[in-house]
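Residues per chain are reported as follows:
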Amino acid sequence: MTPLLQVRGLKKTFGGIQALDGVDLQIASGEIKALIGPNGAGKTTLFNCLTGMTRPSEGQIFLDGATPLKGLLPHQITKLGLARTFQNIRLFDSLTVIENVMVGAHCRFKANFLDAFFHTRRHLAEEKEIKEKAYYFLEVMGLLQQALNSAKNLAYADQRRLEIARALASEPRLLLLDEPAAGMNAAETAELDQLIVRLKEEFSLSFLLIEHDMKLVMKISDSVIVMDRGRSIAGGSPEEIRKNPAVITAYLGAEGGHA
Ligand SMILES: Nc1ncnc2c1ncn2[C@@H]1O[C@H](COP(=O)(O)OP(=O)(O)OP(=O)(O)O)[C@@H](O)[C@H]1O
Ligand SMILES: [Mg+2]
């Protein structure tokens, strides 16, 4: 079957740093793929290349085996169905929680500038629909009670959840999550496990998930890819990866934990 996303020989240099040094990767439709690797391995840079925020130096990215993503702008890639969250949370602090989600839906607006300016019936109907959807995404993420609060006043774990709600609002097919459990306690992380699985089912989503929490990775991912120094050094089922000596050396370290 044609993979949903295919990455071939992706390279990115920053000055003298080879952040990506020939990354190959495939994500099947409906798959939860975890992306692990030590600090500085190039994981976030890969996300930036996939979402058009960084231009790769070399390599190819294809959606559905046919649509090239390289060279497209971030909003064009969002519209094709890739959405992401950020390792360093990037919310609109001055907006409310619900407004942050509505911003995420922007790429699905059909009304044009004039519709918006004159508040045409089409624009109002669309805005109503988007607001209703945004409330639903907040409900799914357990943030309904916070809808009218300012985003900057949310607790840390809630800010991470709001990032996911905002990404959902763009109605993606593939959701890229950059360390969604970072800074969450054990109970919050366990809730996130279940939530990701629910999102996958309910919205027919596929995931690429950068995560250092190995318990979460082992529990919910269908497959794991390991990066080290800009390269994909191993791939397989969580069980295979856990036993892979190269992975243990590169990532897990002697104690089997993340540094
Ligand atoms: N905009 C940039 N300019 C210069 N160097 C960069 C830039 N972005 C990333 N790098 C470098 O590229 C390498 C890969 O960084 P990246 O953030 O992709 O790693 P990572 O795997 O996400 O690490 P972490 O687990 O710490 O988040 C690092 O050496 C980093 O310093
Ligand atoms: Mg990173």
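A short tour of the structure in this document, coming up. Being a predicted model, the structure only gives us computed values, none of them experimental.

Another point: the site of ligand 1. Taken together, 14 residues lie near ligand 1, and Gly40, Lys43, Thr44, Thr45 and Gln87 sit nearest. At a separation of 2.9 Å, an oxygen atom of ligand 1 approaches a polar side-chain atom of threonine 44. Within the side chain of glutamine 87, a nitrogen or oxygen atom sits 2.7 Å from an oxygen atom of ligand 1. About the coverage of ligand 1: the protein hides 62% of its 630 Å² of free accessible area. For the shell around ligand 1, the element with the highest residue contribution is helix H1 (residues 43-50), accounting for three residues. Across the shell around ligand 1, the residue classes break down as five nonpolar, seven polar and two charged.

Glancing now at the layout of surface pockets. Within this model, the largest pocket holds a volume of roughly 690 Å³. Lining of the largest pocket is provided by 27 residues; of these, Thr78, Val103, Gly104, His106 and Cys107 occupy positions nearest its centre. Among the elements of the structure, helix H2 (74-79), strand E6 (82-84), helix H3 (97-104) and helix H6 (156-169) are those that each provide at least two residues to the lining of the largest pocket. For the lining of the largest pocket, the leading source of residues is H2, giving six residues. Here the residues of the lining of the largest pocket sort into 13 nonpolar, nine polar and five charged. When we break the lining of the largest pocket down by domain, the ones giving at least three residues each are domain 1 (5-81 + 172-252) and domain 2 (92-157).

Attention now goes to the pairing of strand E2 (residues 17-27). Both strand E1 (residues 5-14) and E2 contribute to a ladder of eight bridges, which runs antiparallel. Following the sheet pairing, phenylalanine 14 is matched in E2 by isoleucine 17. Linking E1 to E2, which pair antiparallel, is a turn of two residues; within it glycine 15 sits at a positive phi near 55°.

Conventions used here
- Residues numbered from 1 in each chain as written.
- Chains lettered and ligands numbered in written order.
- Predicted model: local features only at pLDDT ≥ 70, side-chain atom pairs only at ≥ 80, totals over all residues.
- Heavy atoms only, no water.
- Near = heavy atom within 4 Å.
- Polar contact = N/O pair within 3.5 Å; in protein donor to acceptor, adjacent residues only side chain to side chain.
- Areas by Shrake-Rupley, 256 points an atom, 1.4 Å probe, with all protein chains shown as cover.
- Helix = DSSP H or I, 4+ residues; strand = E, 2+ residues; numbered from the N terminus.
- Nonpolar A, V, L, I, M, F, W, Y, C, P; charged D, E, K, R; others polar.
- 1 Å grid on protein atoms, 1.4 Å probe; cavity = no way out; pocket = protein on both sides within 12 Å on 5 of 7 lines; lining within 4 Å.
- Points joined across faces, edges and corners; volume = space filled by probe spheres on them.
- Domains from an automatic or database assignment.
- Pairing = 2+ DSSP bridges.

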